[in-house]
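# Structural overview for review
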Amino acid sequence: MSQAPFLRPPLYDPGAPRQTVSVTLNADLYAKAKSLDINTSRVAEEALAYVVRQKLNEQIKCEVDQDIRVLNAMVEAHRDEFDAMQRELDQLNLDAARGDQPAAAPAPAPSSARRRRR
């Protein structure tokens, strides 16, 4: 199934081979989980995926916050230019709403103008 391009890619490949790891758990908790037929490997995998996603989200948020700070600094540095362009655009919109046509630029002189003979 193809994923839409705007969605995040999967966190991990669920079809990847499984790997045996050593995890230390509370013995009593593990015994209770085992008596309740809880698949501790699956629970650990789901919990790990959740924590990894949370950490990645924190990283993304930090990157976005940094990008916003840079953008705000750029806007502040160029505020006068932006305000001038905004005023010009507003005036053009007002003129267009009233049906005014912008002043026509003078027509350029023809490049092959004939010389007068004396």
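Right, let's walk through the structure included here. (Residues numbered from 1 in each chain as written. Predicted model: local features only at pLDDT ≥ 70, side-chain atom pairs only at ≥ 80, totals over all residues. Heavy atoms only, no water.)

### Some words on the overall build of the chain
Of regular secondary structure, the chain possesses three helices and zero strands. Going from the N terminus to the C terminus, the chain shows its helices and strands as α-α-α. Out of the 118 residues belonging to the chain, those deemed buried represent 2%. A total of about 11800 Å² of accessible surface is found on the chain, and carbon and sulfur atoms cover 58% of it. (Helix = DSSP H or I, 4+ residues; strand = E, 2+ residues; numbered from the N terminus. Buried < 20%, exposed > 50% of the residue type's maximum accessible area, 1.4 Å probe, protein only. Areas by Shrake-Rupley, 256 points an atom, 1.4 Å probe, with all protein chains shown as cover.)

### Side note on helix α2 (residues 40-77)
For the α-helix, the turn length of 3.6 residues means that residues three or four positions removed from each other point alike. Compared with an ideal rise of 1.5 Å per residue, which puts 38 residues at 56 Å, α2 spans 55 Å between its outermost C-alpha atoms and is within 8% of the ideal. The N-cap of α2, judged by a side-chain oxygen 3.1 Å from the amide nitrogen of serine 41 a few residues on, is asparagine 39. (Expected span 1.5 Å × (residues − 1). Polar contact = N/O pair within 3.5 Å; in protein donor to acceptor, adjacent residues only side chain to side chain.)

### Section: the pattern of salt bridges
Considering all chains together, one arrives at six salt bridges under this definition. For the salt bridge of lysine 32 with aspartate 28, the shortest nitrogen-to-oxygen distance reads 3.1 Å. Here lysine 32 and its partner aspartate 28 are both found in helix α1 (residues 27-35), four residues apart, which amounts to about one turn of the helix. By relative accessible area, lysine 32 is classed as partly exposed at 46%. (Salt bridge = Lys/Arg side-chain N within 4 Å of Asp/Glu carboxyl O.)

### Things to note about unusual backbone geometry
One non-glycine residue, aspartate 37, lies in positive phi territory at about 55°. One can find aspartate 37 in the loop between α1 and α2. Its relative accessible area of 73% is what places aspartate 37 among the exposed residues.

### Points about a nonpolar patch on the surface
Together, Val21, Val23, Leu25 and Tyr30 give the surface a local cluster of nonpolar side chains, amounting to about 390 Å² of exposed area. Relative to the helices and strands, valine 23 resides in the segment before α1. Judged by relative accessible area, valine 23 falls into the exposed class, the value being 53%. (Patch = residues over 30% accessible without salt bridge, like charges linked within 9 Å, V, L, I, M, F, W, Y side chains within 5 Å.)

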